[in-house]
Amino acid sequence: MSDLTRILKRIDRGDPKAADELLPLVYGELRKLAAHKMSKEEPTQTLQATALVHEAWMRLVGKGNPKFHGRAHFFAAAAEAMRRILIDRARRKRTLRHGGDKGVEVHGILAINAPDKDDQLLAVNDALDKLAVHNKVEAELVKLRYFVGMTLEEAAEALDISARTADNYWSHARAWLYKEIERNKKP
């Protein structure tokens, strides 16, 4: 049994000191995953990987004693926390950028902002919520890959599935998400 699994079991039993021991054990991996995700964001992105990890950590353990049922559950929860942080930021930026869904007037002409990474992120998020209704494991795989930046092998290990199964799920999920996003694009 790994140190991570032991600490997660202690957290599950309600040991208040276990969460403090967990952060140093997983911080490096969470930081690496967040850095990978943030490297794919626009250069104007102001959120740093360290801040993403810290904010996700606060959401994971900041309110009482969390319950994690093993490594896969912990990293799935971390992926979900990072996803929600990025989605919340994208929604706030979109609201500001679009003036609360009002166009921006430039030289007397109504200008409509072109879709950007925030719009793409929100479209993926909406489609991912729909995928989760049909196939929860595929949705978790996408969260780990897209929002956390895990490799296929890392995500397979976190979800306790084979790499081959993860590859099949990844192919299906990508095709499903693409169709869903295309179907919901505004003309």
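This structure is a prediction, so every number in the text was calculated from the model and none was measured. (Residues numbered from 1 in each chain as written. Predicted model: local features only at pLDDT ≥ 70, side-chain atom pairs only at ≥ 80, totals over all residues. Heavy atoms only, no water.)

### Quick notes on the packing of aromatic side chains
By convention here, two paired aromatic rings are described through the distance between centres and the angle between planes.
Link 1 in the chain: Going through the model one piece at a time under the given rule, you end up with one aromatic pair.
Link 2 in the chain: Ring centres of Phe-74 and Phe-75 lie 5.1 Å apart, and the angle between their planes is 80°; on these two criteria the pair is classed as edge-to-face. An identical accessibility class is assigned to Phe-74 and Phe-75; each is buried.
Link 3 in the chain: For Arg-145, the ring lying beneath its charged end belongs to Trp-170, and the centroid distance is 4.3 Å. (Phe/Tyr/Trp six-rings, centres within 6.5 Å; stacked < 30°, edge-to-face > 60°. Buried < 20%, exposed > 50% of the residue type's maximum accessible area, 1.4 Å probe, protein only. Lys NZ or Arg CZ within 6 Å of the ring centre and 35° of its normal.)

### Quick look at the nonpolar core
Side chains of nonpolar character tend, in soluble globular proteins, to be buried together.
Link 1 in the chain: Among the nonpolar cores identified, the biggest contains 53 residues, and Leu-22, Phe-74 and Phe-75 are the most heavily contacted of them.
Link 2 in the chain: If you list the elements that add at least two residues to this core, you get helix H1 (3–12), helix H2 (18–39), helix H3 (49–61), helix H4 (71–97), helix H5 (117–134), helix H6 (136–148), helix H7 (152–159) and helix H8 (163–183).
Link 3 in the chain: Ranked by residues supplied to this core, first place goes to H4 with ten residues.
Link 4 in the chain: Those residues in contact with Leu-22 that lie beyond four places of it in its chain are Leu-4, Ile-7, Leu-8, Ile-11, Trp-57 and Phe-74. (Core = buried A, V, L, I, M, F, W, Y, C linked by side-chain atoms within 4.5 Å. Helix = DSSP H or I, 4+ residues; strand = E, 2+ residues; numbered from the N terminus. Contact = heavy atoms within 4.5 Å.)

### Thoughts on H6
Link 1 in the chain: For H6, spanning 13 residues, the distance from its first C-alpha to its last is 17 Å, which sits close to the expected 18 Å at 1.5 Å a residue.
Link 2 in the chain: Measuring from the backbone nitrogen of Val-137 back to the side-chain oxygen at the start of H6 gives 3.3 Å, which picks out Asn-135 as the cap.
Link 3 in the chain: After H6 finishes, the residue Gly-149 shows a positive phi value of roughly 90°. (Expected span 1.5 Å × (residues − 1). Polar contact = N/O pair within 3.5 Å; in protein donor to acceptor, adjacent residues only side chain to side chain.)

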